[in-house]
2 protein chains.
Amino acid sequence: MLNKSNCLIAQSGGPTVVINSSLSGVISAAMENPNIDIVYGAINGIQGVLSEKVIPLNDTFKDKTTLETLKTSPAMYLGSCRYKLQKIDEDIATYEQIFRLFKKLQIKCFFYIGGNDSMDTVYKLTQYAKKINFEISIIGIPKTIDNDLCSTDHTPGFGSAAKYVATSILEIAHDAYIYDFKSVTIVEIMGRNAGWLTASSALARNTYNAAPHLIYLPEKPFSSSDFIEDINIMFRSHKNIIVAVSEGIKDENGQYISSQSSLTTDSFAHPKLSGTAKHLENIIKNMIGCKVRSIELNVLQRSAMHIASLTDINEAFELGVSAVNNALNGLTGKMLTLNRISNSPYKVQIGYIDIEEVAAKEKTIPLSWINDAGNDITRELLDYMRPLIEGEPTIKYKNGIPEYLSIDHLK
Amino acid sequence: MLNKSNCLIAQSGGPTVVINSSLSGVISAAMENPNIDIVYGAINGIQGVLSEKVIPLNDTFKDKTTLETLKTSPAMYLGSCRYKLQKIDEDIATYEQIFRLFKKLQIKCFFYIGGNDSMDTVYKLTQYAKKINFEISIIGIPKTIDNDLCSTDHTPGFGSAAKYVATSILEIAHDAYIYDFKSVTIVEIMGRNAGWLTASSALARNTYNAAPHLIYLPEKPFSSSDFIEDINIMFRSHKNIIVAVSEGIKDENGQYISSQSSLTTDSFAHPKLSGTAKHLENIIKNMIGCKVRSIELNVLQRSAMHIASLTDINEAFELGVSAVNNALNGLTGKMLTLNRISNSPYKVQIGYIDIEEVAAKEKTIPLSWINDAGNDITRELLDYMRPLIEGEPTIKYKNGIPEYLSIDHLK
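Structure report, in brief. (Residues numbered from 1 in each chain as written. Chains lettered and ligands numbered in written order. Predicted model: local features only at pLDDT ≥ 70, side-chain atom pairs only at ≥ 80, totals over all residues. Heavy atoms only, no water.)

1. Some points on the relation of the copies chain B and chain A
Rotating chain B by 180° about the axis while translating it 0.0 Å along that axis superimposes it on chain A, leaving an RMSD of 0.0 Å. Each copy turns onto its partner about a two-fold axis. Closest approach to the rotation axis within chain B is made by the C-alpha atom of Glu296(B), at a distance of 3.8 Å. Residue by residue, 100% of the interface of chain B is reproduced at the interface of chain A, so both copies engage with the same surface. (Least-squares fit on C-alpha atoms with pLDDT ≥ 70 in both. Contact = heavy atoms within 4.5 Å.)

2. Considering the environment of Gln97(B)
Within the element layout of this structure, Gln97(B) appears in helix H4 (residues 92-104). Sequence separation between Gln97(B) and Gln11(B) is 86 residues; the distance between their C-alpha atoms is 19 Å. (Helix = DSSP H or I, 4+ residues; strand = E, 2+ residues; numbered from the N terminus.)

3. Quick notes on the pairing of strand S1 (residues 5-11) of chain A
Residues and elements named next belong to chain A. Burial of S1 is extensive: 7 of the 7 residues sit out of reach of the surface. Residues Ser 5, Cys 7, Ile 9 and Gln 11 line one face of S1 and the alternating positions Asn 6, Leu 8 and Ala 10 line the opposite face, and both faces are buried. Relative to strand S4 (residues 107-114), S1 runs parallel, the two sharing 6 bridges. Across the sheet, Ala 10 pairs through a bridge with Tyr 112, a residue of S4. (Buried < 20%, exposed > 50% of the residue type's maximum accessible area, 1.4 Å probe, protein only. Pairing = 2+ DSSP bridges.)

4. A short note on the side chain of Glu315(B)
All names here are of chain B. Within the secondary structure, Glu 315 is located in helix H11 (residues 310-328). For the buried residue Glu 315, which engages in no salt bridge, the nearest side chain bearing the opposite charge is Arg 340, 7.6 Å off. For Glu 315, the side chain forms a polar contact with the side chain of Tyr 346, separated by 2.5 Å. Excluding anything up to four places from it in sequence, Glu 315 contacts His 154, Leu 338, Tyr 346 and Val 348. (Lys, Arg positive; Asp, Glu negative; His and termini not counted. Salt bridge = Lys/Arg side-chain N within 4 Å of Asp/Glu carboxyl O. Polar contact = N/O pair within 3.5 Å; in protein donor to acceptor, adjacent residues only side chain to side chain.)

5. Details of the pattern of salt bridges
Residue and element names in this part refer to chain B. Scanning the model with the defined rule gives 33 salt bridges over all chains in all. For Asp 120, the salt bridge identified is with Lys 84, shortest N-O distance 3.8 Å. Within this pair, whereas Asp 120 is found in helix H5 (residues 116-131), its partner Lys 84 is found in the loop between helix H3 (64-71) and H4, the two being separated by 36 residues in sequence. A salt bridge links Arg 379 to Asp 383, with the nearest nitrogen and oxygen atoms 4.0 Å apart. Residue Arg 379 and its partner Asp 383 are both found in helix H12 (residues 379-385); the two are separated by 4 residues, about one turn of the helix. A residue is classified by how much of its surface remains accessible, and Asp 383, at 31% relative accessible area, is partly exposed.

6. With respect to the pairing of strand S12 (residues 334-343) of chain B
Residue and element names in this part refer to chain B. Sheet analysis places strand S5 (residues 137-142) next to S12, joined by 2 bridges and oriented parallel. By the bridge assignment for S12, Gly 140 is matched with Met 335. Strand direction decides the pairing type here: S12 and strand S13 (residues 346-354), joined by 9 bridges, are antiparallel. Residue pairing across strands places Leu 338 opposite Ile 350, the latter belonging to S13. Between S12 and S13, which pair antiparallel one after the other, the connecting turn spans 2 residues.

7. Observations regarding the interface of chain B and chain A
Counting residues at the interface gives 61 residues for chain B and 61 residues for chain A. Across the interface of chain B and chain A, roughly 5,300 Å² is buried in total on both sides, 59% from carbon and sulfur atoms. By the criterion of area lost to chain A, the three top residues of chain B are Glu171(B), Ile178(B) and Tyr208(B), representing 13% of everything that side buries. Note that Asp175(A) and Arg302(B) form a salt bridge whose closest N and O atoms lie 2.7 Å from each other. Viewed at the interface, chain A and chain B are joined by 25 residue pairs in polar contact (both at pLDDT 80 or more). (Buried area = accessible area lost by both parts, 1.4 Å probe.)

8. Notes on the packing of helix H4 (residues 92-104) of chain A against helix H5 (residues 116-132) of chain A
Residue and element names in this part refer to chain A. Put simply, H4 and H5 touch, their axes get as near as 11 Å, and they point 80° apart. Relative to H5, the element H4 lies roughly perpendicular. Residues Ile 92, Tyr 95, Glu 96, Ile 98 and Phe 99 of H4 pack against Lys 124, Leu 125, Tyr 128, Ala 129, Lys 131 and Ile 132 of H5. Across the contact of H4 with H5, the residue classes break down as 8 nonpolar, no polar and 3 charged. (Axes fitted to C-alpha atoms, helices over the stretch in contact; angles between N-to-C directions. Parallel < 35°, antiparallel > 145°, perpendicular 65-115°, else oblique. Nonpolar A, V, L, I, M, F, W, Y, C, P; charged D, E, K, R; others polar.)

9. Side note on helix H9 (residues 276-287) of chain A
Residues separated by three or four positions in an α-helix point in the same direction, a consequence of the helix having 3.6 residues per turn. Residues and elements named next belong to chain A. Compared with an ideal rise of 1.5 Å per residue, which puts 12 residues at 16 Å, H9 spans 17 Å between its outermost C-alpha atoms and is within 8% of the ideal. Listed in full, the buried residues belonging to H9 are Thr 276, Ala 277, Leu 280, Glu 281, Ile 283 and Ile 284. The buried residues of H9 all sit within an arc of 160° when viewed along its axis, so they share a single face. Buried residues along H9 sit against strand S6 (183-189), helix H8 (224-235), strand S8 (240-246) and strand S11 (291-296). Residue Gly 289 follows H9 closely and has a positive phi angle near 85°. (Expected span 1.5 Å × (residues − 1). Arc of directions from axis to C-beta.)

10. A look at the nonpolar core
One finds Ile9(A), Phe111(A), Ile9(B) and Phe111(B) to be the most contacted residues of the largest nonpolar core, which totals 184 residues. Ignoring anything within four residues of it in the chain, the contact list for Phe111(B) reads Cys7(B), Leu8(B), Ile9(B), Ala10(B), Val26(B), Ile139(B), Ile141(B), Ala323(B), Val324(B) and Ala327(B). (Core = buried A, V, L, I, M, F, W, Y, C linked by side-chain atoms within 4.5 Å.)

11. Side note on the sheet that holds strand S2 (residues 36-42) of chain B
What holds strands together in a sheet is hydrogen bonding between their backbones, with the strands either parallel or antiparallel. All names here are of chain B. Ordered by their spatial adjacency, 7 strands build an open sheet running S3-S2-S1-S4-S5-S12-S13, and the pairing between neighbours is mixed. If you trace the sheet from one side to the other, it starts and ends with strand S3 (54-56) and S13, each paired once. Across this sheet, the average inter-strand angle for adjacent strands is 30°, counted without regard to direction. Here 4 bridges tie strand S1 (residues 5-11) to S2, and the two strands are oriented parallel to one another. Counted as the bridge partner of Ile 9 is Gly 41 from S2. Of the strands in this sheet, S1, S2, strand S4 (107-114) and S5 are in contact with helix H1 (residues 19-32), which crosses S1 at around 175°.

As structure tokens, this is what we get:
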């Protein structure tokens, strides 16, 4: 057990609608714990640590209602960054600066909520703490709509994004079925290298809705000629075809299908994609000639709290609580994980894994969960995803729009 | 009072999430009324009348629960069409065919739920009925997310679309504010010539959120140089700028800003637009060079029942009920209207107007409700819109997705 101390929380990477639920869990558990004094939040992730933009949170969240509102507010209350830490021996000054602040603020627990790039940051900070013998618990709390973190059954944020995707596909299907002529609707879904979120579109299927009729994932090479054939075969039994496609589908040579010319990279050297659906729309236009439209679900996949999964919100919150308890027990250099104990009834347990096992690695869909033709998923994958979108939170509304927590401090 | 008779309902034009609420109102009132025997629905609007795709609805909806589910199911249970009736003297055979079916099925009331093009159909059918002395009540029930129908305070479908737009803008703002660098997010909203739906983005503003910071509507000419200046001025006080832009903005010469090359027309000779936000994104990229992205809200604006306005749903339902009662009182050749009696508390009364007053006409935003700079709306317009998005319906969920009514019969 550590002595009474302060803790610091930060968020990093792209938002999910439940990243604030985890933050709410951390703040809630830390404020209730007699061994923790001040709960600090760094604004804009590790960048805020470097620029000393760190604020105490105790006063803001002394009221339980505010913590509840935080739990159901989208995106990131503490802001984010895309800052990549260099290796320790390449840029030791940055590490010294970070730990100077840790010392100054008497930080004994540091929680970083993020995806695989953020876990890389957790890994490097843990290494440095060990190197200089700094007594601190550093714990990574997973989040990503992409569901591509290793060693955890799934990631917080995925379930809610999946619920948004499935609901949107169902509503798009209702919209598409109204006209009495052939049509193809192509829906582009986020996911650079992992197709989990695109696969979740299959959760839209019910007794009367077969959409999405075709699903294309980055895990299997995409062939334009197979695509045309798939559409033509599907037209034999369906008038209006809905296609779910991942932004990151690639051809046999590993080249992104989206227009190559507009390809740029982000600060982690990941290619930034756009226009995959548009490209497929043009293929249909030129090769089949029926009515076709493309829809990019865009950032609402990761920010539409109003249609979040209650299961996801609660799991994210519990991970935050568990992070505090584990840190006070001296755990460090770990990412917390969700381990599925049973599927029916659905039950998870929280565990943890050495951070080097997950840092900067990606988990893609096992090929055995994709059909042979590469245009649909298997029942196993459906069964895996189904419990994650269950349950609807109670969202408060004011003047007809959701009442979220103010993020004035980010301006 | 007409003698006991059958009635026919059809839907036409683009979907809204409450067009089935009106249908539910019609079916509910018609089935309860002792003067109506069979309630028929035409599949795919007037096209279904022409091809005799007409189904009796009494059995399907004898259960109140099914009517309730219909009331909160998006898009169009009876399907739609974009069929434009020619003038009577140009194509009398079509009219004869329609009225042959009316006679055969003993239709004494015909209800057409639609927008301004559908009201044109109602107008022409009324003219023909008068011409041949056919005893029938033909009533138009308004719907359109565009809110561009004349003679009614607002149109069913607008409030729900506005609630979706405002909620999405708020969630996009939460997503945009997380990074500590300048950015512009351009959100493209539906509306060919009327900016009502784009204006509704302003309902996203609250105590901490000023987004959308700029609003561009088709009612005022758009100037690229003014746009750049607006953005630069806004950057003095805001880091992350959200722009709401109508798909239909035009330059001083009345030319659509969206890429001219891809301009095609639909069967009513309306130009089909795409890419306005993309065009603005490129302007920012080239002239300012900060991070910029564009988002098209796309068909979810008109199909996202899960975030519908309860006020809208209830008004649409009541219009359906009123249509039946008015038809049985012999009313014909009218479109029902919503007349606002009071704004606070918000109160509307149902009225009606001669169909020729509304057919194929468009109501745009009064210029006095747009600011002088042409980049925002006035408080009057905000006050007008605010009550329309109030209230949240109870949507049933099954397996994590909304439970809507099957549309298997449209396949």
